[in-house]
Amino acid sequence: MGSDPPSFTYGRRPRATDQAMTQAMGDCIASWSHVELSLAQMFMTVVGCKGIVADTIWTSFLSFEPRTTMLHRVLNVQLENSPHLDDWNLLYNYTLKMSKERNKIAHSTLLNFDNKEMVLEPFFVMTKPKPYLHIEDIRAIKPKFEELRLAVMIFSSEITMSPELRSKYPRPVSDLVLRLRAEDAQRRKEQQEQKKPSPG
């Protein structure tokens with residue numbers, strides 16, 4: 001993501017990059033909708049009530065973060081003594097991080113940058129310019145959303161299977177969760193190193 005100066009025009013748009021950018025934006029938002037759907041389906045499964053009741057509870061909140069927080073609290077109760085709780089906490093924090101990336105795209109303004117390309121400026125305010133998102137940035141975000149959706153689906157399947165089925169049909173841990181575990185372990189190691197008294 002660049003840190004370009006606020007140089008844009010309201011003139012004629014570069015047609016090719018205009019269409020490519022709007023396509024990339026649409027692809028990203030569509031991918032994110034699948035993340036939200038996977039989380040909603042997991043909520044309906046773990047609360048243990050009729051689908052229409054669970055859906056009514058889920059949709060009582062209009063924005064994404066309260067819904068995800070509600071799911072987070074339910075899972076912290078249900079998985080209290082389960083090793084899966086650590087993985088969920090990692091997924092939850094990463095999901096909130098990715099939600100911010102989605103919001104940058106969804107709440108951005110399409111601008112003509114130097115009459116060469118179309119760019120996005122998140123949360124556009126003319127007097128407070130922010131770094132632009134180029135089409136390469138948008139295209140790089142979509143696979144992250146797809147990876148998150150897959151990780152949520154695998155995790156949901158794992159925690160809702162009976163112990164008998166889980167032992168009979170073990171599910172692989174998603175690549176995303178494995179990476180989040182490694183990053184968390186590295187952070188903890190660095191924190192421990194910082195706490196060590198300096199020699200002498």
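Before reading further, recall that the structure is shown in the block above.
Quick notes on the rules
Residues numbered from 1 in each chain as written. Predicted model: local features only at pLDDT ≥ 70, side-chain atom pairs only at ≥ 80, totals over all residues. Heavy atoms only, no water. Helix = DSSP H or I, 4+ residues; strand = E, 2+ residues; numbered from the N terminus. Rg over C-alpha atoms; globule rule 2.2 N^0.38 Å. Buried < 20%, exposed > 50% of the residue type's maximum accessible area, 1.4 Å probe, protein only. Contact = heavy atoms within 4.5 Å. Areas by Shrake-Rupley, 256 points an atom, 1.4 Å probe, with all protein chains shown as cover. Lys, Arg positive; Asp, Glu negative; His and termini not counted. Charge placed at Lys NZ, Arg CZ, Asp CG, Glu CD. Phe/Tyr/Trp six-rings, centres within 6.5 Å; stacked < 30°, edge-to-face > 60°. Axes fitted to C-alpha atoms, helices over the stretch in contact; angles between N-to-C directions. Parallel < 35°, antiparallel > 145°, perpendicular 65-115°, else oblique. Nonpolar A, V, L, I, M, F, W, Y, C, P; charged D, E, K, R; others polar. Core = buried A, V, L, I, M, F, W, Y, C linked by side-chain atoms within 4.5 Å.

### Some points on the overall build of the protein chain
Point 1. Within the protein chain, the regular secondary structure consists of seven helices and three strands.
Point 2. Helices and strands in the protein chain line up, N terminus first, as β-α-α-α-α-β-β-α-α-α.
Point 3. Against the globule reference of 16 Å for 200 residues, the protein chain gives a C-alpha radius of gyration of 21 Å, more extended than a compact globule.
Point 4. Taking the principal axes of the C-alpha coordinates as reference, the protein chain spans close to 65 × 65 × 30 Å.
Point 5. For the protein chain, the residues scored as buried account for 36% of the 200 residues in total.
Point 6. Taking as baseline every contact in the protein chain between residues at least 6 positions apart, the subset at least 24 positions apart corresponds to 66%.
Point 7. Carbon and sulfur atoms form 55% of the exposed surface of the protein chain, whose accessible area is close to 12,300 Å².
Point 8. Each charge sign in the protein chain was given a centre, from 27 positive and 24 negative side chains, and these centres are 2 Å apart.

### Description of unusual backbone geometry
Point 1. In this structure, F123 is a non-glycine residue whose phi angle is positive, near 50 degrees.
Point 2. Checked against the element boundaries, F123 lands in the loop between β3 (117-122) and α5 (135-160).
Point 3. By relative accessible area, F123 is classed as partly exposed at 41%.

### Focus: the packing of aromatic side chains
Point 1. This model, assessed by the stated rule, comprises five aromatic pairs.
Point 2. Centre to centre, the rings of W88 and Y92 are 6.1 Å apart; their planes meet at 35 degrees, and the pair counts as tilted. Of this pair, W88 and Y92 both sit in helix α4 (residues 84-106), four residues apart, which is roughly one turn of the helix.
Point 3. Using a relative accessible area of 0% as the deciding quantity, one classes W88 as buried.
Point 4. Members of the aromatic cluster, connected to one another through ring pairs, are W32, F64 and F145.

### So, the packing of α4 against helix α7 (residues 175-195)
Point 1. α7 packs onto α4 with a crossing angle of 95 degrees between their chain directions and a minimal axis gap of 10 Å. In terms of orientation, α4 and α7 fall into the roughly perpendicular class. Residues D87, L90, L91 and Y94 of α4 pack against L176, V177, R179, L180, R181, D184 and R187 of α7.
Point 2. Its residues assigned to classes, the contact of α4 with α7 shows six nonpolar, no polar and five charged.

### Points about the nonpolar core
Point 1. L39, M42, L71, L75, W88, L91 and L148 are the most contacted members of the largest nonpolar core, which totals 43 residues.
Point 2. Taken together, the elements giving at least two residues each to this core come down to α1 (15-47), α2 (51-58), α3 (64-78), α4, β3, α5 and α7.
Point 3. It is α1 that provides the largest number of residues to this core, a total of eleven residues.
Point 4. Residues contacting L148, with those up to four places away along its chain left out, are W32, V35, L91, Y94, T95, M98 and L176.

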